[in-house]
Amino acid sequence: MISDDSIVALSSGRLPAGIAVIRISGPKTRFVVETIAGGMVKDRVATLRKLWATDGSLMDHGLVLFFPGPTSFTGEDVAEFHVHGGRAVAGRMLETIAGFDGVRHAEPGEFTRRAFLNGKLDLVETEALADLVNAETEAQRRFAVQNAEGAQSALYLGWRRRLIHARAMIEAEIDFSDEEDVPGSVSDTVWSDVRAMIDEISRHIDGFHAAEIIRDGFEVVILGAPNAGKSSLFNALARREAAIVTDEPGTTRDLLEVVLDLNGVRVRVTDTAGLREAPGKVEAIGIEKARAKAHTADLMLLLEDLANPVAISEIPADIPALRIGTKVDLLKDQRPLGAYDAFISTVEGTGLAELLAEIGGRAAAAIGDVGDILPSRLRHVELLNETKRFLASALSGEERGQELRAEELRLAADRLGRIVGAVDVEDLLDVIFSQFCIGK
Ligand SMILES: Nc1nc2c(ncn2[C@@H]2O[C@H](COP(=O)(O)OP(=O)(O)OP(=O)(O)O)[C@@H](O)[C@H]2O)c(=O)[nH]1
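Residues numbered from 1 in each chain as written. Predicted model: local features only at pLDDT ≥ 70, side-chain atom pairs only at ≥ 80, totals over all residues. Heavy atoms only, no water.

Draft legend 1. How the structure looks around helix α1 (residues 29-36). Within the span of α1, buried status applies to Thr29, Val32, Val33 and Ile36. For α1, the buried positions fall inside an angular range of 100° around the axis, keeping them on one side. (Buried < 20%, exposed > 50% of the residue type's maximum accessible area, 1.4 Å probe, protein only. Helix = DSSP H or I, 4+ residues; strand = E, 2+ residues; numbered from the N terminus. Arc of directions from axis to C-beta.)

Draft legend 2. View of the pattern of salt bridges. Counted by the stated rule, this structure contains 23 salt bridges. The partner of Arg114 in a salt bridge is Asp5, with the nearest N and O atoms 3.1 Å apart. One end of the pair, Arg114, is in helix α3 (residues 110-117); the other, Asp5, is in the segment before β1 (6-10), and 109 residues separate them in sequence. In this structure, Arg377 and Asp131 form a salt bridge, with 3.0 Å as the shortest nitrogen-oxygen distance. A residue pair is termed long-range when its members are at least 10 positions apart, and Arg377 in the loop between α11 (352-367) and α12 (378-396) and Asp131 in helix α4 (residues 123-134) qualify at 246 residues. The pair Arg377 / Asp131 is uniform in exposure class, with both members buried. Here the salt bridges share partners, and the residues they tie into one network are Asp5, Glu76, Arg104, Glu110 and Arg114. (Salt bridge = Lys/Arg side-chain N within 4 Å of Asp/Glu carboxyl O.)

Draft legend 3. Examining the pairing of strand β9 (residues 265-271) more closely. Across the seven residues that make up β9, a large majority, seven, are buried. Here β9 shows a buried face lined by Val265, Val267, Val269 and Asp271 and a second buried face lined by Arg266, Arg268 and Thr270. Bridge count between strand β8 (residues 256-262) and β9: seven bridges; the pairing is antiparallel. Its bridge partner being in β9, Val259 is matched across the sheet by Arg268. The turn joining β8 and β9, which pair antiparallel and follow one another in sequence, is formed by two residues; a positive phi near 50° is taken by Asn263. (Pairing = 2+ DSSP bridges.)

Draft legend 4. View of the packing of aromatic side chains. On inspection of all chains with the given rule, the structure shows three aromatic pairs. On the numbers, 5.5 Å between centres and 55° between planes, the contact of Tyr340 with Phe343 is tilted. Classification of Tyr340 as buried rests on a relative accessible area of 13%. Of note, Arg23 hangs over the ring of Phe111, and the distance from its end group to the ring centre comes to 4.5 Å. (Phe/Tyr/Trp six-rings, centres within 6.5 Å; stacked < 30°, edge-to-face > 60°. Lys NZ or Arg CZ within 6 Å of the ring centre and 35° of its normal.)

What follows is the structure, given as structure tokens:
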């Protein structure tokens, strides 16, 4: 599909910078290059040219690259101008190019949208490309790059192919059921493959939590009685870990969050209000929030002041926890009573590096092998669950007859097709492309 209009945008980052890359895609690309660069350049070869405005004045001196469609990123003619990364230079270039008849400024994600519409990328690869552009940690980058290269799509398309094959076999069996030469075992083979596929899809869906951790972070919640030393530990973790990704705003007064990058894995640590029978209303709300937050944790750090141990109650039993004895410096020669997983002193710095290593190890274990192919969006999980439901229904529906079972296989394959965008996805496009920045 070739668009009528051409689009232009600044495709590189914030200015000023060493170089700014201005990209144009669409039918007017060739004409714009000829006009601005004083003639065409060789396909796919970087060429240094003087760049002229339409009034004949010199705008800059830069590299020009021309990628003829359909073998370009968008599938259309595409050109890039690599100019000096000053605001005025980029501004003048953009204004000049967008001033050509039939050329306009691009919407966010519009280059990628054209690539999708021209069959250069499927929907899952498009989502992975958005993840790659937004990746902040090494795990996020590794996860996104393999999916952008098509690993996740290949898995879904593989299942879809097997289902299409299964359906063809069942339909052949229906058509030739009177004839002697269709062996009865065909149907057995088909249904045992469908059963195997249900297991494979279930295992794949189980990996979604790992994908969520890669993307949103491993959730660590610090809990303990008032004065147990929670805020001191929180501050120490925030300061000790050099690679803080962001200090996320939007946290409430009583839940404070810091985001760490531990060996390439995003880890979110939340400090909570001290747990006790609250005397006041405001504190009671804070304590409620702390308890609610504990339920969403991947790991709880349960802090107890060794000099004044107060065990905390009503902690979720099914969430992994580390029981941590704090203020170990105050103990001097006494031995701590009770079983603790770690001892720390934020005053002397004892035990903090070990604790960080333990948290980092657990976060890494939670995401498993980054090479695993996981569903990366809730959208994928929902469609995979529908696929599974149709398959389970087809598998157990012997009494309904082969025609209906074959139809359920078709519906299952259709859901897989929707994940990669091979079937009917118009309604999703605006949502997906709004995740991109302008120029991508
Ligand atoms: N000696 C010693 N004192 C500590 C240590 N950690 C914290 N404290 C002190 O213990 C007191 C309480 O520390 P916080 O970190 O504010 O404790 P908290 O659990 O956040 O307290 P709330 O906000 O009331 O829930 C402060 O006076 C700290 O200076 C430590 O490792 N050693």
